[in-house]
Amino acid sequence: AQTVTQSQPEMSVQEAETVTLSCTYDTSESDYYLFWYKQPPSRQMILVIRQEAYKQQNATENRFSVNFQKAAKSFSLKISDSQLGDAAMYFCASSRYNFNKFYFGSGTKLNVKP
Amino acid sequence: AAGVIQSPRHLIKEKRETATLKCYPIPRHDTVYWYQQGPGQDPQFLISFYEKMQSDKGSIPDRFSAQQFSDYHSELNMSSLELGDSALYFCASSETVTGPGETQYFGPGTRLLVL
C-alpha cells in the first residue's frame, strides 16, 4: 500500500505572496503518480496539478508548481501570487501505475489573507 | 466541458434504511471510482469499476454494493444505514489510456445524512 503524509494541517499566506505546501509519501512502486487536489468550501474536488514519477521535470500549471524529490519521496506544491480564490483544503494524493485508486493525505487548509 | 454527474446531491435517511447513489461519468470515461469522505477527513477509496467489472475494492462495508452498467454509469447501494455512514460520497471517473495512469475527475459529491 501507499501512504501519503501532509504534516501541515493549516497554513496562511498573504494575498500575492508565495506559499509552499508539503507532502511526503511512501511507496515500493517504481511507477506511480502524484497529484494535488483542491477542495474549496463547496467540497468539490478540483485537480490542481499532476506529476508522473518517471519524469524528472517538475510539473507546472500557471501559478502552481511542484518540487518533486523522488529520492526523498517529497512532493511539495508551490502557489505563487496567491489569490483569495486559492483558499481551500489541499489534498496530496498518489496512485500506482495501472491500479489507480488514490491514496490521500490528511489535507492542508490554506487561508489567504487580503 | 462535461463533468461527472452525481445524484442526488443531498440525501437524508433514517437508520436501517437503504440509499442508492448514482454516478454518470464523463463521456468516453470507462472507469468509475467511489470514495467516502467523513467530516474533517480525507477521502477513502471504496470501490472501482473498469468496463463494467469490479477492478479494485477498498474499505467498503459488506452492507454496501455497487455496479457499473452498460452505459458506464454506476450506482452505489447502501443498506442498513448507520449513523457513521453520514459522509460525502464522491464518484470519480477516468479514461483508460495506453501507457501511464489516468487522472481522476471528481463529481460534486452526494452528501448523505443518516438520522
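Structure's up top.
Note on numbering: residues in each chain are counted from 1, in written sequence order. Going through the entries in the order they are written, you letter the chains from A and number the ligands from 1. With pLDDT at 70 or above as the cut-off, local features in this predicted model cover only qualifying residues; side-chain atom pairs require 80 or more to be listed or tallied, and sums for whole chains, interfaces and linings still use all residues. Values shown for side chains rest on all heavy atoms present in the structure; no hydrogens or waters enter the calculation.

Bringing the overall build of chain B into the picture now. Numbering goes from the N terminus for both helices and strands, where a helix is a DSSP run of H or I of at least four residues and a strand is a run of E of at least two. Summing up its helical and strand segments, chain B has zero helices and eleven strands in all. Along chain B, helices (α) and strands (β) appear in the sequence β-β-β-β-β-β-β-β-β-β-β when read from the amino end. Both definitions apply: the radius of gyration is a C-alpha atom measure, and the globule rule equals 2.2 Å times residues to the power 0.38. Over its C-alpha atoms chain B spans a radius of gyration of 14 Å, differing by no more than 12% from the 13 Å that the globule rule assigns to 115 residues. Here the C-alpha coordinates of chain B stretch approximately 45 × 25 × 25 Å along the principal axes. Buried residues are those whose accessible area, probed at 1.4 Å on protein chains only, stays under 20% of the maximum for their type, while exposed residues exceed 50% and partly exposed ones sit between those limits. Per-residue burial over chain B gives 50% buried out of 115 residues. Areas reported as accessible are Shrake-Rupley estimates using a 1.4 Å probe. Residue values count occlusion only from the protein chains shown. Total accessible area on chain B stands at roughly 5,500 Å², and carbon and sulfur atoms take up 50% of it. Only four residue types enter the charge count: Lys and Arg as positive, Asp and Glu as negative, with His and the chain ends excluded. A charge is said to be at NZ when it belongs to Lys, at CZ for Arg, at CG for Asp and at CD for Glu. When the 10 basic and 13 acidic side-chain charges of chain B are each reduced to a single mean position, those positions are 7 Å apart.

Residues and elements named next belong to chain B. Strand order across the open sheet formed by four strands is S1-S3-S8-S7, with antiparallel pairing between neighbours. The open sheet has two edge strands with one neighbour each: strand S1 (5–7) and strand S7 (64–68). Each strand axis lies, on average, 15° off the axis of its neighbour in the sheet, ignoring direction. Pairing between strands is defined by DSSP: at least two bridges between the two strands are required. Sheet topology places strand S3 (residues 19–24) next to strand S8 (residues 74–78); five bridges connect them, and they run antiparallel. Within the sheet, the bridge partner assigned to lysine 22 lies in S8 and is glutamate 75. Note on method: axes are straight lines fitted to C-alpha atoms, helices fitted across the in-contact stretch only, with angles between N-to-C directions ranging 0 to 180 degrees.

A few words on the nonpolar core. Nonpolar cores were defined as sets of buried Ala, Val, Leu, Ile, Met, Phe, Trp, Tyr and Cys residues, with membership established by side-chain atoms within 4.5 Å. In this structure, Leu21(A), Trp36(A), Phe75(A), Leu77(A), Tyr90(A) and Leu110(A) are the most contacted members of the largest nonpolar core, which totals 26 residues. Contributions of two or more residues to this core are made by strand S2 (10–14), strand S3 (19–21), strand S5 (32–39), strand S6 (46–52), strand S8 (64–69), strand S9 (74–79), strand S10 (88–96) and strand S12 (108–113) of chain A. With sequence-adjacent residues up to four places away left out, Leu110(A) is seen in contact with Met11(A), Val13(A), Val19(A), Leu21(A), Ile79(A), Asp86(A), Ala87(A), Ala88(A) and Tyr90(A). Membership of the second largest hydrophobic core comes to 22 residues, among which are Leu11(B), Cys23(B), Val32(B) and Met78(B). Note on definitions: a residue-residue contact is assigned when non-hydrogen atoms from the two residues lie within 4.5 Å.

Right, let's talk about the state of the cysteines for a bit. We call a pair of cysteine sulfur atoms a disulfide when they lie within 2.5 Å. This structure, assessed with the given rule, holds two disulfides over all chains. There is a disulfide in this structure between Cys23(A) and Cys92(A), and the S-S distance comes to 2.0 Å. Given an S-S torsion of about -70°, the disulfide between Cys23(A) and Cys92(A) has left-handed geometry. Taken as a pair, Cys23(A) in the loop between S3 and strand S4 (24–26) and Cys92(A) in strand S10 lie far apart in primary sequence, 69 residues in all. The buried category is assigned to Cys23(A), whose relative accessible area is 1%. Residue class for Cys92(A) comes out buried when judged on its relative accessible area of 0%. With its sulfur 1.7 Å from that of its partner, Cys23(B) forms a disulfide with Cys91(B). Taking the sign of the torsion about the S-S bond as the criterion, the disulfide between Cys23(B) and Cys91(B), at about -55°, is left-handed. Highlighted residues: Cys23(B) in strand S3 and Cys91(B) in strand S9 (residues 87–94), separated in sequence by 68 residues.

Let us look at the packing of aromatic side chains. Here a ring pair, both rings aromatic, is described through the centre-centre distance and the interplanar angle of the planes. Centre distance within 6.5 Å is the pairing criterion for rings of Phe, Tyr and Trp, where only the six-membered ring of Trp is used; planes under 30 degrees apart are then read as stacked, over 60 as edge-to-face, and the remainder as tilted. Across all of its chains, the model carries 16 aromatic pairs over all chains by this definition. Arranged with centres 6.1 Å apart and planes meeting at 40°, the rings of Phe35(A) and Tyr37(A) form a pair that is tilted. When its relative accessible area of 0% is taken as the criterion, Phe35(A) is described as buried. Given a relative accessible area of 1%, Tyr37(A) falls into the buried group. An aromatic cluster of at least three residues, connected via ring pairs, comprises Phe35(A), Tyr37(A), Phe91(A), Phe102(A), Phe104(A), Tyr35(B), Phe45(B), Phe90(B) and Phe106(B).

Between chain B and chain A, the contact holds 22 residues from the first and 19 residues from the second. By convention, the term buried area covers the 1.4 Å-probe accessible surface removed from two parts as they join, with the contributions of both added. Interface area for chain B against chain A, summed over the two sides, is near 1,900 Å², with a carbon-plus-sulfur share of 50%. We define a salt bridge as a contact between a side-chain nitrogen of Lys or Arg and a carboxyl oxygen of Asp or Glu at a distance within 4 Å. At the junction of chain B with chain A, the criterion picks out one salt bridge. Residues Asp56(B) and Lys101(A) are paired through a salt bridge, measuring 3.6 Å at the closest nitrogen-oxygen approach. Polar contacts here mean pairs of N or O atoms no more than 3.5 Å apart (in protein, one a potential hydrogen donor and the other a potential acceptor; neighbouring residues in sequence count only if both atoms are side-chain atoms). At the surface where chain B touches chain A, the tally comes to seven residue pairs in polar contact (both at pLDDT 80 or more). Going through the elements one at a time, strand S4 (31–37), strand S6 (53–57) and S9 of chain B are the ones with two or more residues in the side of chain B that touches chain A. Among the elements that take part in the side of chain B that touches chain A, S4(B) stands out by supplying three residues, more than any other. In this classification, the charged set is Asp, Glu, Lys and Arg, the nonpolar set is Ala, Val, Leu, Ile, Met, Phe, Trp, Tyr, Cys and Pro, and all remaining amino acids, among them Gly, are polar. Taken together, the residues that form the side of chain B that touches chain A break down as nine nonpolar, eight polar and five charged.

Functional significance is not addressed by these values, which are geometric in nature.
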